[in-house]
Amino acid sequence: MRYISTRGEAPALGFEDVLLTGLATDGGLYVPESLPHFSLEEIRSWRGLPYAELAFKVMYPFVEDAIPADDFRTMLDETYSGFAHQSVAPLVQLDSNEWVMELFRGPTLAFKDFALQLLGRLLDYVLEKRKQHVVIMGATSGDTGSAAIEGCRRCEHVDIFILHPYQRVSEVQRRQMTTVQGDNIHNIAVKGNFDDCQRMVKESFGDQSFLGGKTQLAAVNSINWARIMAQIVYYFQASLALGGPDRSMAFSVPTGNFGDIFAGYLAKKMGLPISQLVIATNRNDILHRFMSGNRYEKQQLEHTLSPSMDIMVSSNFERLLFDLHGRDGAAVKELLENASKGPVSIEDYRWKSARKLFDSDAVDDKTTCDTIREIYEQNEYLLDPHTAIGVRAARNCRRDATVPMITLGTAHPAKFPDAIVESGLSVKPQLPPHMADLFEREERYTVLENDLAEVQGFLAKHWKNA
Ligand SMILES: *Cc1c(COP(=O)(O)O)cnc(C)c1O
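Predicted model only: the values in this text are computed from it and were never measured.

## Points about the side chain of K112
One can find K112 in helix α5 (residues 112-130). Setting aside chain neighbours within four positions, we find K112 in contact with D143, T144, A147 and R227.

## Remarks on the site of the ligand
Taken together, 15 residues form the shell around the ligand, and within it K112, D143, G256, N257 and T410 come nearest. Take K112: an N or O atom from its side chain is 2.5 Å from an oxygen atom of the ligand. One of the backbone nitrogen or oxygen atoms of D260 is found 2.9 Å away from an oxygen atom of the ligand. In the complex, 97% of the free accessible area of the ligand, which totals 380 Å², lies under the protein chains.

## Focus: the nonpolar core
Core analysis: the largest hydrophobic core is formed by 111 residues, its most contacted members being F15, Y235, F236 and F251. Among the elements that make up this core, the one with the highest residue count is helix α9 (residues 225-241) (12 residues). When residues no more than four places from it in sequence are discounted, the contact partners of F251 are M101, Y235, A238, I274, Q276, L277, V278, M405, I406 and L408. Formed by 17 residues, the second largest nonpolar core is a distinct cluster that contains M137, L163, F210 and L448.

## Describing the packing of aromatic side chains
Working definition: an aromatic ring pair is given by the centre-to-centre distance plus the angle between the planes. In this structure the tally under the stated criterion is 26 aromatic pairs. Relative to F317, the ring of F258 has its centre 5.1 Å away and its plane inclined at 90°; by these criteria the two rings are edge-to-face. Separated by 59 residues along the polypeptide, F258 in the loop between β9 (249-254) and α10 (259-269) and F317 in helix α12 (residues 317-324) bring together distant segments of the chain. According to the relative accessible area criterion, F258 is buried, its value standing at 1%. Three or more aromatic residues joined by ring pairs form one cluster here, namely Y51, Y80, F83, F114, Y234, Y235 and F251. Geometry around F56 places R73 over its ring, the cationic atom sitting 4.0 Å from the centre.

## Some thoughts on the environment of A330
With respect to the element layout, A330 can be found in helix α13 (residues 329-339). Between the alpha carbons of A330 and N450 there is a distance of 39 Å; along the sequence they are 120 residues apart.

## Digging into helix α4 (residues 69-81)
Counted at 1.5 Å a residue, the expected span for α4 with its 13 residues is 18 Å, and the 18 Å between its end C-alpha atoms agrees. Within α4, the full set of buried residues consists of F72, M75, L76, T79 and Y80. Looking down the long axis of α4, one finds its buried residues gathered within 110° of arc, a one-sided arrangement. Turned more than 90 degrees away from the buried face of α4, the exposed residues are D70 and S81. Considering only its buried residues, α4 is in contact with α3 (51-63), α5 and α9.

Analysis parameters
Residues numbered from 1 in each chain as written. Predicted model: local features only at pLDDT ≥ 70, side-chain atom pairs only at ≥ 80, totals over all residues. Heavy atoms only, no water. Helix = DSSP H or I, 4+ residues; strand = E, 2+ residues; numbered from the N terminus. Contact = heavy atoms within 4.5 Å. Near = heavy atom within 4 Å. Polar contact = N/O pair within 3.5 Å; in protein donor to acceptor, adjacent residues only side chain to side chain. Areas by Shrake-Rupley, 256 points an atom, 1.4 Å probe, with all protein chains shown as cover. Core = buried A, V, L, I, M, F, W, Y, C linked by side-chain atoms within 4.5 Å. Buried < 20%, exposed > 50% of the residue type's maximum accessible area, 1.4 Å probe, protein only. Phe/Tyr/Trp six-rings, centres within 6.5 Å; stacked < 30°, edge-to-face > 60°. Lys NZ or Arg CZ within 6 Å of the ring centre and 35° of its normal. Expected span 1.5 Å × (residues − 1). Arc of directions from axis to C-beta.

As structure tokens, then:
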């Protein structure tokens with residue numbers, strides 16, 4: 001399997017290189033040159049498979065040039081046995097033909113574990129083979145940092161440095177990062193805001209000379225192809241559990257960077273019958289404005305009760321735009337260059353072809369809280385604010401009541417207690433048993449000034465073989 005850039009100019013790469021590369025050299029994102037396609041008969045034959053085996057069937061075509069089958073199987077077994085539910089991604093019924101798929105049974109209680117638990121193992125495997133080492137550097141305002149740290153804790157060939165804004169992340173989120181023990185794990189609290197952290201990461205990638213040429217930086221952000229790949233699997237799992245592939249499904253996906261829902265789009269292209277995908281956003285609704293009016297325009301960032309979806313642009317949307325433009329990299333490049341200067345639209349027939357599959361909705365904080373309360377009153381089931389947005393959008397956009405509607409449950413409610421309080425409910429979401437002692441665990445992090453040289457000096461001094 002070869003991978004090509006959405007902007008058409010960077011060289012095609014194999015899986016190993018795509019895994020270690022962030023952006024393509026032309027500024028685009030890597031996508032498979034062609035997708036595997038499974039017949040209904042083949043998909044049907046996967047009914048009842050354990051999650052890790054289904055994951056093998058769905059993903060192996062993407063990695064087969066780089067990883068022998070048995071090694072990949074072992075990696076998947078290890079990855080998904082770390083989830084606190086036998087089915088890995090259990091379904092909970094909300095109403096007739098309406099479901100939540102709980103993707104928060106992994107070690108950090110959010111769906112990002114599905115990809116990052118695997119990504120850490122993939123990286124270590126490839127680096128071992130190549131006798132290389134990398135330093136992962138990232139900035140986080142919450143979820144991604146903890147999932148990335150958990151994913152890399154056992155890596156021999158990876159040191160990870162995660163910057164978070166000092167005293168500006170929730171205690172649960174900070175503790176999920178800072179209580180993970182490992183001599184390759186480094187949490188840095190920067191006396192600045194999230195943008196300061198992000199700028200330092202960006203500048204460090206731009207000039208890596210502070211590492212003295214002895215190692216290189218790698219990114220695990222949501223544009224990494226391997227993360228998308230790992231998210232395709234659970235669409236198959238949910239469908240098979242509810243009578244697919246002999247009936248089609250609808251999914252509603254709480255969306256930020258468009259990674260999770262893009263995986264659903266790929267599942268459909270690989271042969272899974274999906275008749276509707278709902279893009280559920282919060283007030284940061286660039287995708288909803290595009291889907292409802294064919295106008296793609298950046299707006300100011302808003303802080304909401306669903307912080308993991310607070311974005312101005314959705315980086316992975318470029319991958320969909322590439323397909324909508326008949327995989328013409330030059331056209332995508334031009335469109336996105338124009339989009340950085342002002343609002344853009346695409347040709348009407350291209351937009352309409354997207355609208356055949358995608359619907360969208362934007363849900364504000366008040367409606368998010370109303371939905372948390374409503375679902376709790378109906379079912380005594382607590383939603384986290386991100387999932388609540390998905391459920392609201394699913395109900396608002398539903399096309400056909402005979403098609404099962406599945407909302408992706410992206411986080412455990414105990415991760416975002418503020419939204420539960422705001423919703424006026426008096427229940428307190430409890431951390432699951434394996435996390436119950438989170439507030440007693442020992443924390444490890446270093447507070448640094450908002451100063452690039454100081455942060456870079458810390459990295460240079462503390463990576464394993466420095
Ligand atoms: C990251 C995240 C999202 C958004 O996922 P994308 O792939 O960026 O669209 C939604 N909910 C939660 C809880 C997340 O952590």
